[in-house]
Amino acid sequence: MAMRTPRFQQSVVDAHKQFLAQLKADGVLELAGPFTDKSGGAYIVSARDLEAARAIALSDPVHTSGSSEVSVYEWNAV
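All figures in this text were calculated on a predicted structure; none of them were measured in a lab. (Residues numbered from 1 in each chain as written. Predicted model: local features only at pLDDT ≥ 70, side-chain atom pairs only at ≥ 80, totals over all residues. Heavy atoms only, no water.)

> What exactly am I supposed to notice about the overall build of the chain here?
Looking only at helices and strands, the chain features three helices and four strands. Shown N-terminal to C-terminal, the secondary structure of the chain runs as helices and strands in the order β-α-β-β-α-α-β. Since a compact globule built from 78 residues should have a radius of gyration of about 12 Å, the 12 Å found for the chain is in line with a globular shape. Viewed in the frame of its principal axes, the chain has a C-alpha envelope of about 35 × 25 × 20 Å. When burial is assessed residue by residue, the chain has 31% of its 78 residues classed as buried. Taken as a whole, the chain presents about 5400 Å² of accessible surface, with 54% of it coming from carbon and sulfur. Charged side chains in the chain number 7 positive and 9 negative. The centres of these two groups are separated by 6 Å. (Helix = DSSP H or I, 4+ residues; strand = E, 2+ residues; numbered from the N terminus. Rg over C-alpha atoms; globule rule 2.2 N^0.38 Å. Buried < 20%, exposed > 50% of the residue type's maximum accessible area, 1.4 Å probe, protein only. Areas by Shrake-Rupley, 256 points an atom, 1.4 Å probe, with all protein chains shown as cover. Lys, Arg positive; Asp, Glu negative; His and termini not counted. Charge placed at Lys NZ, Arg CZ, Asp CG, Glu CD.)

Below is the structure:
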C-alpha cells in the first residue's frame, strides 16, 4: 500500500505510473489502483519472497520522493 504523506508531490505521479507500467511489462505487477478517497493506493506484485517484494515496492518513486509511505504485506489469495 502507498499512503500519501503531507509532502505528497503531484509531479511524481508520472514517474510512479511509469514504474508500475514497467512492473507490468516485466510480468511482476498483478493489480494496481488508487483509493477513491485519494489517500493513496495499492498494488499487488509477484515476488520470490517478502524481502524481494519489499525491495520492489520501496523503489517506487512515490516512496523514494517522500510523497507516500509504502507498506508491504505478504498476502495469500484464496
